[in-house]
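# Observations on the three-dimensional arrangement
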Amino acid sequence: MQTPLQAPPPLRTLFPSSSHLPLLPYLVLRTQIRRPIRVRFSGGDGGGGQQRKAYPFDEIEPRWQRYWEENRTFRTPDEVDTSKPKCYILDMFPYPSGAGLHVGHPLGYTATDILSRYKRMRGFNVLHPMGWDAFGLPAEQYAIETGTHPKVTTRRNIDRFRSQLKALGFSYDWDREISTTEPDYYRWTQWIFLQLLKRGLAYQAEVPVNWCPALGTVLANEEVVNGVSERGGYPVIRKPMRQWMLKITAYADRLLEDLEDLDWPESIKEMQRNWICRSEGAELEFHIVDFQGHERGLNLSVYTTRPDTIFGATYLVVAPEHFLLSSLTSEEQRKCVEEYTELAARKSELERTDLQKEKTGVFSGLYAKNPANGEVIPIWVADYVLGSYGTGAIMAVPAHDSRDHEFALKYRIPIIGVISPPNESCDPDEPYLDDGLVINSSNSLSGLNINGLSSQDAASKVIEWLENTGHGTKKVNYKLRDWLFARQRYWGEPFPVIYLDDTGEMVPLLESELPLILPELDDFSPTGTGEPPLAKATSWVKTVDSVSGKPARRETSTMPQWAGSCWYYLRFMDPKNSIALVDEAKERYWGPVDIYVGGAEHSVLHLLYARFWHKVLYDIGIVSTKEPFKCLINQGLILGEVEYTAFRDQEGRWISADSASVTSEYSQERVSAEKVTKVGDYYVLKDSPNIRVNARAYKMSKSRGNVINPDDVVSEYGADSLRLYEMFMGPLRDPKQWSTGGIEGVHRFLGRTWRLIVGPPLPDGSFKDGTIATDDEPTLEQLRVLHKCISKVSEEIQETRFNTGISAMMEFVNAAYKWNNNPKSVISAFVLLLAPFAPHMAEELWFRLGYTSSLAYQRFPEAKSEYLNESSIILPIQINGKTRGTIVVDKVCSEDDAFRLASVDEKLSKYLLGKTIRKRIYVPGRILNVILDQQKVRS
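Residues numbered from 1 in each chain as written. Predicted model: local features only at pLDDT ≥ 70, side-chain atom pairs only at ≥ 80, totals over all residues. Heavy atoms only, no water.

## Comments concerning the pattern of salt bridges
Summed over all chains, the structure comprises 44 salt bridges. Among the ionic pairs, Lys 615 bridges to Asp 258, the shortest N-O distance being 2.5 Å. Taken together, the positions of Lys 615 in helix α17 (residues 605-619) and Asp 258 in the loop between α7 (252-257) and α8 (266-276) put the pair 357 residues apart, joining distant regions of the chain. Per residue, the accessibility class of Lys 615 equals that of Asp 258, and both read buried. Residues joined in a network through salt bridges with shared partners are Glu 260, Glu 266, Lys 269, Glu 270 and Arg 273. (Salt bridge = Lys/Arg side-chain N within 4 Å of Asp/Glu carboxyl O. Helix = DSSP H or I, 4+ residues; strand = E, 2+ residues; numbered from the N terminus. Buried < 20%, exposed > 50% of the residue type's maximum accessible area, 1.4 Å probe, protein only.)

Here it is in C-alpha cells:
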C-alpha cells in the first residue's frame, strides 16, 4: 500500500464541482500529445476491410492509467465531508487464483465502476475499494504440489489480479487494499472469534464431517461433489470429529425476519429462507421394543412438522450417523447396518437429500411403539434422513410424504392414509401432501381422537395431548445447522486459543496477544494421522499460558476461508486502524454497503455468514446497522462463444441433430462457425442445409478450452471496448454469451465517437491535436438530442440497465454525424455521459476539448425538461438589433411572456436591468428584438 500524500491544492476550473487534482500533470500531458497520435487500420474506415483499431487506445489508456495512479485520483480521504451524501459500492471479495481473470470476471467489476464514477460525478463521497480473499485450500494444494510456500504464490497471484484490474481502468481506491492473509487484517478476524467465544457462540463439539484423507482436511458440503472433493476429485467420507462450531442457529429467526427489508433479488432471499427453513412441529418420544414387543428401556426422539399425521406413521427412520444407532440395532442386523452406514459416509448431504435419487435403507432389527395408538412399527436406517436436522430421526408417514412413500413402496411397508382432501379427489397411487380433514385417527386407550378435525386443529390437539401425557412437546426447528468452523489445513487463520497441558482446559488468548501469527512451514502436506499440518510446527505448538505460566499447546486447526470474507466490508471503511476493528464514526457514516455486486453462487453461505457476524457485531455495539448489505445485485454468467456440434453415423455420413437424439450409433464432431448458417430457428451446415447441428454456449473453463483472456482483448481492442462490450451484451443480471464479433461492433462505435470529436485521420494515419468542436451556440435540435441522451443514460445507469444506456449514446452519435457543426457545449456534455463507461477515451477527449482538470469529479449533466418538450423552440433575443443570447419558449409564447423570460435570464438580464425600453419587435417563433434608449445602453 502507498504512503498517504498531502492533498493537492484546489484547482480553479470552469466548473464549480471541479476535481481537486493539480494542474501540472495536465500541462505535462498537453506537452506530451502535441505530436500527432498515429492510428493503424487493417482495413478502410467503414469500407471494405475489417477495421481492427478504430482509435489510438494503446496510447491513450496507459497514459490515463498512469495519471490516475500518480495522482491517486480515486482515493477516498480518511476524513471526508460527512455533510455530503455517501455511496459505498463493493464487489464481492475475489479469490486471486493463478489463472488470473477471464472475461467473465470484469462484468460485475465494470458495473460497479460505472456506478462509482457516476456517483462521484453526482457529488457523492464514494467508497469503492478492492482486496483479496486469499486464504484457502487452492493455494495450499498448489504449495503441496510444487513445494512453493502459499504466501509466495498468493502474493504473485494478487499482483497479477491487481495489474489486470488496473489495466481495465477500474476506479478503485488502491490505498485501501487489504488481504485476508496479512496479520494486520486477520488480527481482527481472531478478535471477532474471541467475542463469539465470550458469548457462547463459539464452541467445540463432536460432529459428523466431510473428511478427505488425501487432502487431510474437513470439507464444507459445497466442496464435495458426488462423494469426492471438488478440488482434485479425492474420495470423501463422513466421520465424527471434534470441531469448532459457531452457533449461527441462535440468530436464525433474526436472519429470517430481517431479510424482508433488504433490496435483494427475491430469488436470493427465498434461497436463504429455504436454507434456514424454520418449521413448527412437535418432538415426541417412541419407546423402543424388540421383535416380541418387550421394551428395551430406551426412547427415540422424533421431530415432525405434521403431528396431525401421527396415526399414519408406519415406520421410523434414523440417520446413519445417529448417536443411538448402535443401541437401535439388533445383533442379527448389526453387520448389514454397519455396511450401510459405511456406504452412506461416502455421500455428501446434497447427494443424500436429492429428491431424484433412489431411496436406500436397511432394517435395524428393532421396533418402536407409536404413542398415539400403541402400534409396533419397524425402525429403519436410511440416508435420506440427516443426523444434523431435527433429532436425526423421523416418523415416516408414507401416505402423506413423497420420500416416505417412495421408500415404503420399495421395501413393502404399509401405507395408511389419515388425511382426506377437502374435495376428496386425489390420485390413490400418489401421496397426498396438503392439508385436509383427518380420518383413521382415533384410539380409546390413548384417549386421542382427532377424526374430523382440520389438519391445523388436529396438529394443535396432538401437541396438547403430547404435552399433557409426557410423550412430547411443541418444537420450533431449523434446517440451518451450526457453522462448522474448523479446517485441518495450514493456510488459514490460527485460532487464538491454547489448551493447558495438565488439564486440557481451553484458554482464550488475551486481546493484547493478537495477532497470533501463522508460523512458517516448509512441509504443508497432510500428516497422515488426521492431525492438521500445523502440528508439524512443534516449537509453535508448544507454548505457555501468559496468565498462569502453565505449559500449553496451541490449536492446530485453522479457520475456514469464509472467516476472512465475513467482515472485510467493514475493514475497508478504516483499513489502517491499529486500535479498533473500525472507527465508530466512520462506520456510522459509511455503513451499510449501499450496492454489493457478485455472483449468485455466494447467495447463501457467504452472505448468510456475513449477516450472522454483522448481527453479532451489532449486538456488541461495533456496528450501527442490523444488516451489512443494503442492495444486492447478482451479475449474470458470461458463457463462452457458441459451439456447434454435428453428428455422423457409423459410415461417416452426416446425420441431422434431431435424428441423432434418437439414434444410438453416432459420433459427435465440433464444426467451426464458418461452416454453419442459421435457417429459421435452427443452425445447419452450409454445404448440407438439411443437416441440423446443435448450437450451445458453455460456461468458460480451461477443460473446454473456451476461456477468453481479458489481456488479449485489451491488447487488440482496448480496455474501453471490453468494458463497453460487457455492458452492451445484455441486462447485467442475465446470462450472456461471448462473441468476438460483438466486441468489434462496440470498438467501431468508440472509433466513430473519436472521429466525431477529433476529426478523421490525416493522410498519414495520425490525428490532429485538439478537436473539431466549435464555439457555436447549439440549435434547438442539437439540444433536444443531447438532453434526450442525458435523460436516458442517467436513468439507465441508476437502474443498472447499462446496455440500453449505451444504445442511447449510440443514437446520439448517429444523430451528431448529421450535424453541420459540433458545438463544444454539447460535445462536452456528451463526453461526460461517456465517462463512466469508457473513462480513458472520455478523459482524453475532455483534455483535448481544452479542460484542465480530470472529469472524474465534474458534475454529471442533468436533463432539462424544456428540451425534452417537443413543443419548445429556441428564441433568439436581440438588444438594439444585436443578438445577445437565446431563451427556450413554447411555440405559441406571447410577446409579454418572451420578454419576461428574457428579463430573468442570467445572461440577458444585465442588458435590460435599469434600462429604458423604447419598443419591442416580436416575430412569434422567430425573434424578439428589444430597442433601448441609446443614451443609456451599456457599451
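## Some words on the nonpolar core
Residues Met 809 and Phe 812 are the most contacted members of the largest nonpolar core, which totals 114 residues. Counting residues per element, this core draws most heavily on helix α23 (residues 802-816), which supplies nine residues. In this structure, Leu 246, Met 559, Trp 567 and Tyr 589 belong to the second largest nonpolar core, which totals 67 residues. (Core = buried A, V, L, I, M, F, W, Y, C linked by side-chain atoms within 4.5 Å.)

## A word on the sheet that holds strand β38 (residues 872-879)
Spatially, β39-β38-β41-β40 is the arrangement adopted by the four strands of the open sheet, whose pairing is mixed. Two strands bound the open sheet, and with one partner strand each, they are β39 (882-890) and β40 (917-923). Recorded for the sheet is a direction-independent mean angle of 20° between the axes of neighbouring strands. With eight bridges connecting them, β38 and β39 associate as antiparallel partners. Each residue of the ladder has a partner; that of Pro 876, found in β39, is Thr 886. Contacts from helix α27 (residues 895-904) reach β38, β39, β40 and β41 (927-932) within the one sheet, and its direction differs from that of β40 by about 115°. (Pairing = 2+ DSSP bridges. Axes fitted to C-alpha atoms, helices over the stretch in contact; angles between N-to-C directions. Contact = heavy atoms within 4.5 Å.)

## Regarding the sheet that holds strand β26 (residues 551-554)
Strand order across the open sheet formed by four strands is β24-β23-β26-β25, with antiparallel pairing between neighbours. At either margin of the open sheet sits one strand with a lone partner, and together these are β24 (506-508) and β25 (542-544). Each strand axis lies, on average, 45° off the axis of its neighbour in the sheet, ignoring direction. Bridging between strand β23 (residues 497-500) and β26 involves three bridges; their strand directions are antiparallel. Each bridged residue has a counterpart across the sheet, and for Ile 498 the counterpart in β26 is Arg 554.

## Observations regarding the packing of aromatic side chains
Summed over all chains, the structure comprises 52 aromatic pairs. With centroids separated by 6.5 Å and ring planes inclined at 70°, the aromatic side chains of Trp 64 and Phe 847 adopt a geometry described as edge-to-face. Placement of Trp 64 in helix α2 (residues 57-71) and of Phe 847 in helix α25 (residues 839-848) is noted, with a sequence separation of 783 residues between them. The two residues Trp 64 and Phe 847 agree in class, both being buried. Ring centres of Phe 363 and Trp 380 lie 5.9 Å apart, and the angle between their planes is 50°; on these two criteria the pair is classed as tilted. Of this pair, Phe 363 sits in strand β14 (residues 361-369) while Trp 380 sits in strand β15 (residues 376-382), and the two are 17 residues apart along the sequence. By the ring-pair criterion, three or more aromatic residues cluster together here, those being Phe 193, Trp 244, Trp 483, Phe 485, Phe 495, Trp 562, Tyr 609 and Trp 613. Positioned over the ring face of Tyr 682 is Arg 692, at 3.8 Å from the centre of the ring. Here the basic side chain of Arg 752 rests over the ring of Tyr 817, its NZ or CZ set 4.3 Å away from the ring centre. (Phe/Tyr/Trp six-rings, centres within 6.5 Å; stacked < 30°, edge-to-face > 60°. Lys NZ or Arg CZ within 6 Å of the ring centre and 35° of its normal.)

## A look at the pairing of β15
Extensive coverage of β15 is indicated by the burial of six of its seven residues. Here strand β13 (residues 315-318) pairs with β15 via three bridges, running parallel. Note on β15: the bridge partner recorded for Val 317 is Trp 380. The sheet contact formed by β14 and β15 spans six bridges and is antiparallel. Counterpart to Lys 369 in the pairing with β15 is Val 376. Once β14 ends, the chain turns through six residues before running back antiparallel as β15, passing Gly 374 with a positive phi of about 75°.

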